[in-house]
Amino acid sequence: MAIEAWFMDDSNEDPRLPHQTNPKHSVSLNQLSELGVLYWKLNPNIYEDDQELNKIRETRGYNYMDILDLCPEKVENYEEKLKNFYTEHIHQDEEIRYCLEGSGYFDVRDKDDRWIRIWIKAGDLIILPAGIYHRFTLDTSNYVKLMRLFMGEPVWTAYNRPQEDNPARKEYIKSLTEKPGVPVAAH
């Protein structure tokens, strides 16, 4: 089954809840790809020897890898970390995450500055483009095991919104406007 994504409601309730609009307004993989978000469904049980994962890593130049277990029992200052992840930000580089166990939410902004919630589960590999506004939180399971991939030496610096003058943000906006027939909201 493909990844699930939807437009979020405006509720300020616990961010670990689904926050679906009523009625639910689903977002397709095609709509995500128009934002530069890429997705693969892989087998997390064979990630150490997965040829498809190795091909993705080789093709895209991901030579760094680590594993992050995110749950209250395994992360010092868990609540503070989660709060930081949930602050809207961009990165200068792609953000690549492969969910090996558990689940969580990546929220990304669409061209009209609306939040889209992407529910990642075991087997989902997602790539967020450099410069896209996003945030992350766990769902109510309170557990996710993620593989983080990176090109070269990892740089985990987050640049909190606003970042309209950031070169990565400018490049991202430019990439969206170069797609024919795709309007981009001014921010």
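Each residue is numbered by its place in its chain's sequence as written, counting from 1. Local features are withheld for residues below a pLDDT of 70 in this predicted model, meaning they are given only at 70 or higher, and side-chain atom pairs are given and counted only at 80 or more; totals for whole chains, interfaces and linings count all residues. Working from all heavy atoms in the structure, the side-chain values ignore hydrogens and water.

The name an unreviewed UniProt entry assigns to the protein chain is Acireductone dioxygenase, from the organism Arachis hypogaea. UniProt positions are given in the numbering used here, feature names are shortened, and annotations may be inferred rather than shown by experiment. The protein chain has a UniProt comment under Pathway (unreviewed entry) that states "Amino-acid biosynthesis; L-methionine biosynthesis via salvage pathway; L-methionine from S-methyl-5-thio-alpha-D-ribose 1-phosphate: step 5/6." The heading Sequence similarities (unreviewed entry) in the UniProt record of the protein chain holds the text "Belongs to the acireductone dioxygenase (ARD) family."

Bringing the nonpolar core into the picture now. We define a nonpolar core as any set of buried Ala, Val, Leu, Ile, Met, Phe, Trp, Tyr and Cys residues linked to one another through side-chain atoms lying within 4.5 Å. For each residue, the accessible area found with a 1.4 Å probe, counting protein chains only, is set against the maximum for its type, and the residue is called buried under 20%, exposed over 50%, and partly exposed in between. In terms of nonpolar packing, the biggest core is built from 27 residues, with L32, V37, L70, I116, I118, I120 and F136 touching the most fellow members. Where this core is concerned, the elements lending two or more residues are β1 (4–7), α3 (78–85), β5 (95–109), β6 (115–121), β7 (124–128), β8 (134–138), β9 (144–150) and α4 (167–177). Those residues in contact with F136 that lie beyond four places of it in its chain are L70, L82, F85, Y86, G104, Y105, F106, I120, V144 and L146. If you look at the next biggest cluster of nonpolar residues, it comprises 12 residues, including Y62, L100, M147 and L149. Strands here mean DSSP runs of E at least two residues long; helices mean DSSP runs of H or I at least four residues long; both are numbered from the N terminus. Only heavy atoms enter the contact rule, under which two residues are in contact if any of them lie within 4.5 Å.

Along α4, the residues that are buried comprise A168, R169, Y172 and L176. One side of α4 carries all its buried residues, which in axial view fall inside an arc of 100 degrees. Whenever a nitrogen or oxygen atom comes within 3.5 Å of another N or O atom, the pair is scored as a polar contact, on the condition that within protein one atom can donate a hydrogen and the other can accept it, and that pairs from neighbouring residues in sequence are kept only if both atoms are in side chains. One side-chain oxygen of the residue at the start of α4 lies 2.8 Å from the amide nitrogen of A168, identifying that residue as N166. What the arc describes is the spread of directions from the helix axis to the C-beta atoms.

With that out of the way, let us pick up the packing of aromatic side chains. To describe a pair of aromatic rings, one takes the distance between the centres and the angle between the planes. In this analysis, rings of Phe, Tyr and Trp, with Trp reduced to its six-membered ring, are considered paired at centre separations within 6.5 Å, and the interplanar angle assigns stacked below 30 degrees, edge-to-face beyond 60, and tilted for intermediate values. Under the definition given, this model contains seven aromatic pairs. With 6.4 Å between their ring centres and 70 degrees between their planes, F85 and F136 make a pair best called edge-to-face. Taken together, the residues span a long stretch of sequence, with F85 in helix α3 and F136 in strand β8 at a distance of 51 residues. Exposure remark for F85: the relative accessible area of 27% places this residue in the partly exposed category. Judged by its relative accessible area of 6%, F136 falls in the buried class. Ring centres 5.9 Å apart and planes at 40 degrees place the aromatic pair Y105 and W119 in the tilted group. On the criterion of sequence distance, the pair formed by Y105 in strand β5 and W119 in strand β6 is long-range, its members being 14 residues apart. Residue W119 is classed as partly exposed on the basis of its relative accessible area, which comes to 23%.

Here the focus is the UniProt feature "binding site: Fe(2+)" (unreviewed entry) in the protein chain. Taking the UniProt record as the reference, the feature "binding site: Fe(2+)" (unreviewed entry) is found at H89, H91, E95 and H134. Taking the farthest pair of C-alpha atoms as the criterion, the annotated set spanning 46 residues converges on one region, since that pair is 11.6 Å apart. The annotated residues contributing to the lining of the largest pocket are H89, H91, E95 and H134. Judged by relative accessible area, H89 falls into the buried class, the value being 6%. If we skip the residues at most four places from it in the chain, H89 touches E95, I132, Y133, H134, R135, A158, Y159, N160 and R161. Here a cavity is any set of points on a 1 Å grid over the protein atoms alone where a 1.4 Å probe fits but cannot get out, and a pocket is any open set with protein on both sides within 12 Å along at least 5 of 7 lines; a residue lines the site when it has an atom within 4 Å of a point.

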